[in-house]
Amino acid sequence: MTHTDLQRTLGVCYYPEHWPESQWAEDAARMAALGLTWVRIGEFAWSRLEPQPDRLDFDWLDRAIDTLGKAGLKVVLGTPTAAPPRWMLDRHPDMLAHDREGRPRGFGSRRHYDFAHQGYRRDCARIVDLLARRYGRNPHVAAWQTDNEYACNDTVVSYSPVALAAFRNWLAQRYQSPDALNRAWGNVFWSMDYASFDEVGLPNLTVCEPNPAHVMAFRRFASDMVVEFNRVQADIIRKHSDAPIAHNYMGQITDFDHYAVAADLDIAAWDAYPLGFLSDRLAASADHKRRFVRQGDPDFQAFHHDLYRAVGRGRWWIMEQQPGPVNWAPWNPDPLPGMARLWAWEAFAHGAEAVCYFRWRQAPFAQEQMHAGLLRPDSAPAPAHDEVAQVARELAAMPNQGTAQARVGLVFDYASAWAWETQPQGRDFSYFRLVFETYVALRRLGLSIDILPPDTADLSGYSLVLAPGAATLSDNLLSALGRYAGVSVLGPRTNCKTVEFATPVPLPPNLPGLAATVARVESLPPDVPVPLAGGGQFRAWREKVETGDAVVVATADGWPALIRGQGNLHYLCGWPDADTWLHLLRPLCKAAGLETVTLPDGLRRRDAGGVTFHFNYGAEPVDWNGLHLPPAGVIWTATP
Ligand code: GAL
């Protein structure tokens, strides 16, 4: 096992432009006294940096950075491009993103720009260049953040006239001729052939479903626009600064290829709002949501920590950590005392370099006045304040400790998320959910997991590798699987589409060393499970697979459920429910030489290379294996 030494740090998000300047020095002193290292500023300040077109006012930012830096804090400087000021619309009246109905999204909040708009991109390049030249060598500016939360509020896929023109251009480059596009998409179907790229429209407002290949191309285009938009900023910053560049990604957002954006950056950060996510986006039973209402799901954050460690090629942060009730979820409960501490330690156990809380002081005005901070609007400490102080003390006493390479690898692929949104075939088929449920099962078995990008070329460090639902396996991954001696589990729905979203013939899954053909697939409503012969069940999705290889588990109606090919490659022919996952994975882990346990509901652990952490997400104390954890308890011990 390898582990790298890590300096773990804490920070906070701060908006000097929201407060009188007379308050900055005291705020900075209190942050430093709390044990914070980082303060992120600036990401929505464009209207105060450039109140009128080309009339700049950076003096206040000079003073803010100076005040924070002199208090001993390191500044993360955000580029302000997520919040273009109102005058920008007069300069670029066609810059607004458009929704699926083709309506422009209005001014009055944020993120209203279209990623494909060249004029807006030029203005972004201009403001980023001004910031990078002015602060690139400032000793207090120790990291950068590009924009803020790409994709927030459904803003990546835009159906604007600007996007249409850029899409046609993108298609011309990808396919070179309309004939090639027609062949790739299968446009002979329903007489959809195009004679020129200028005839191609956006895949919204069609009478019934558009061609899925058209939708997939549009999703790839939309993702590429984010990559290009981000690259413009990263390239400029790098010319003037050696400080690392981050972006703050989100939870359960798959609208663009995060690996591709991250290739131009140094650090993957993400914004962790455990209670908001549980209430707002987690697919779970009402009972589960009730049990974890003040703690958040025990695996949702961990999954993203592992995902963003992969996205950041090892370097990752939490840029925004929930400190109390938020304002944006259907319900916004108060965290159980101790959770602001537990969430931070779960992140550190997964290798986070920094955990920054959102935000320093709760704003008494505008959209987020109901969103807690570390301080109340009257500057008195809010409950999370003292928990952060505790984490700071604990960090000071803790030797620097990195993360370890896990022995289990789980592939996560953004294009597969687009594929199954484009053609789910069953109403509740969700790629994110399939991979996440696989992750939950592995974690309940006490395992630590690495997320693997879809072009991973070397699996040799892993004992067990899984790639459920990966629509098109890359050449790299296919040849790595061909060479791999450990246990692998592919399926359901793995490698069943070409890059252009057609069904390959010979029929899927076409995996090395596996003699199997998916002859028929079916999706099923939630109350129609498929029982397995030895107990357990598939839900939502099952495949009828013809095979000459060993059938390890069968369905009660006599079809293969788990097939073992030559060597250790397995194909799973359906979507197991939570208990069935545990039941199927235990023997596979054993074959892989991995020891498993079954952790009690709410207890989770993470092996961080020499140190094993246990976390109690339950609202009740838990006793397990000689350990006693209070509600929201965290324990770390030397790994036996
Ligand atoms: C994030 C965003 C922050 C703030 C926060 C509130 O999505 O990056 O600016 O709005 O949510 O929870």
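For the structure, see preceding data.
Presented here is a report on the structure given in the accompanying data block. The structure presented is a predicted model; accordingly, all values stated were derived computationally and were not measured.

Taking 1.5 Å of rise per residue, the 14 residues of helix α18 (residues 578-591) would be expected to cover 20 Å, and the 21 Å separating its terminal C-alpha atoms lies within 8% of that figure. The largest bend in α18 amounts to roughly 30 degrees and is located at Leu585, with the proline Pro587 lying one to four residues further along. Within the sequence span of α18, burial applies to Thr580, Trp581, Leu582, Leu584, Leu585, Leu588 and Cys589. Positive backbone phi, approximately 80 degrees, marks Gly593, located one or two places after α18.

Here we take up the site of the ligand. Around the ligand sit Phe44, Arg110, Asn148, Glu149, Asp271, Tyr273, Glu320, Trp328, Phe358, Glu368 and His371, and that is every residue in its neighbourhood. Here an oxygen atom of the ligand sits 2.3 Å away from a polar atom, N or O, in the side chain of Glu368. When the ligand is considered free in solution it has 310 Å² of accessible area, and contact with the protein chains removes 95% of it. Judged by the fraction of its atoms near the pocket grid, the ligand is located in the largest pocket. Looking at the shell around the ligand, its residues break down into 4 nonpolar, 2 polar and 5 charged.

Another point: the packing of helix α13 (residues 339-349) against helix α14 (residues 383-397). Running from N to C, α13 and α14 cross one another at 40 degrees; their axes reach a closest spacing of 8 Å. For α13 against α14, the interelement crossing comes out right-handed. Here Met339, Ala340, Arg341, Ala344, Trp345 and Phe348 of α13 come into contact with α14, specifically with Ala384, Glu387, Gln390, Val391, Glu394 and Leu395.

This next bit is on unusual backbone geometry. With an omega of 0 degrees, the peptide bond between Val505 and Pro506 qualifies as cis. Inspection of the secondary structure assignment puts Pro506 in the loop between β12 (487-490) and β13 (516-523). At the junction of Pro508 and Pro509, the peptide bond is cis and its omega measures out at 5 degrees in the coordinates. As for its placement among the helices and strands, Pro509 is situated in the loop between β12 and β13. Positioned with a positive phi, Asp54 is a non-glycine residue whose angle comes to about 65 degrees. Residue position: Asp54 is located in the loop between α2 (46-49) and α3 (59-70). Unusually for a residue other than glycine, Glu149 sits at a positive phi of about 45 degrees. As for its position among the elements, Glu149 is in the loop between β4 (141-145) and α6 (161-175). A residue is classified by how much of its surface remains accessible, and Glu149, at 8% relative accessible area, is buried.

Take the pairing of strand β20 (residues 603-607) next. Burial within β20 is extensive, with 4 of its 5 residues counted as buried. Bridging between β20 and strand β21 (residues 611-616) involves 5 bridges; their strand directions are antiparallel. Paired with Arg605 across the bridge in β21 is His614. Counting the residues between successive antiparallel strands, the hairpin from β20 to β21 contains 3 residues, one of them, Gly609, with a positive phi of roughly 80 degrees.

Moving on, we come to empty space enclosed by the protein. Applying the stated rule across the entire model yields 1 cavity of 30 Å³ or more. Approximately 50 Å³ is the volume attributed to the largest cavity. Around the largest cavity, the lining residues are Asp114, Phe115, Ala116, Val156, Val157, Ser158, Ala163, Phe218, Phe221, Ala222 and Met225. When residues in the lining of the largest cavity are grouped by element, the largest group, 4 residues, is from helix α8 (residues 212-240).

Our focus in this paragraph is the layout of surface pockets. Over the atoms, a rolled probe matching the size of one water molecule traces out where space is still vacant. By volume, the largest pocket is sized at about 1,300 Å³. Along the walls of the largest pocket sit 46 residues, with Phe44, Ser109, Arg110, Gln367 and Glu368 positioned nearest its centre. Secondary structure elements with two or more residues in the lining of the largest pocket: α2 and α10 (274-280). Residue contributions to the lining of the largest pocket peak at 3 residues, all from α2. The residue makeup of the lining of the largest pocket, split by class, is 19 nonpolar, 13 polar and 14 charged.

The next subject is the sheet that holds β20. Taken in spatial order, the 3 strands make up an open sheet running β20-β21-β24, and their pairing is antiparallel. Edge positions in the sheet fall to β20 and β24 (634-638), since each has one partner strand and no second. Sheet twist, expressed as the average angle between the axes of neighbouring strands with direction ignored, equals 20 degrees. Along the sheet face, α13 touches β20, β21 and β24 and points at about 150 degrees away from the line of β21.

Turning our eyes to something else, we now look at the sheet that holds strand β5 (residues 245-249). Strand order in the closed barrel made by the 8 strands is β1-β2-β3-β4-β5-β6-β7-β8, with parallel pairing throughout. Strand-to-strand, the axes of this sheet are offset by a mean angle of 30 degrees, without reference to chain direction. Here strand β3 (residues 74-78) pairs with β4 via 4 bridges, running parallel. Within β4, the residue paired with Gly78 across the bridge is Gln145. In this fold helix α5 (residues 118-135) packs onto β3 and β4, with an angle of close to 165 degrees to the strand it touches most, β4.

What counts as what
- Residues numbered from 1 in each chain as written.
- Predicted model: local features only at pLDDT ≥ 70, side-chain atom pairs only at ≥ 80, totals over all residues.
- Heavy atoms only, no water.
- Helix = DSSP H or I, 4+ residues; strand = E, 2+ residues; numbered from the N terminus.
- Expected span 1.5 Å × (residues − 1).
- Bend = angle between axes of the 7 residues up to and from the residue.
- Buried < 20%, exposed > 50% of the residue type's maximum accessible area, 1.4 Å probe, protein only.
- Near = heavy atom within 4 Å.
- Polar contact = N/O pair within 3.5 Å; in protein donor to acceptor, adjacent residues only side chain to side chain.
- Areas by Shrake-Rupley, 256 points an atom, 1.4 Å probe, with all protein chains shown as cover.
- 1 Å grid on protein atoms, 1.4 Å probe; cavity = no way out; pocket = protein on both sides within 12 Å on 5 of 7 lines; lining within 4 Å.
- Sits in = over half its atoms within 2 Å of the grid points.
- Nonpolar A, V, L, I, M, F, W, Y, C, P; charged D, E, K, R; others polar.
- Axes fitted to C-alpha atoms, helices over the stretch in contact; angles between N-to-C directions.
- Left-handed = near helix turned anticlockwise from the far one by under 90°.
- Contact = heavy atoms within 4.5 Å.
- Pairing = 2+ DSSP bridges.
- Points joined across faces, edges and corners; volume = space filled by probe spheres on them.

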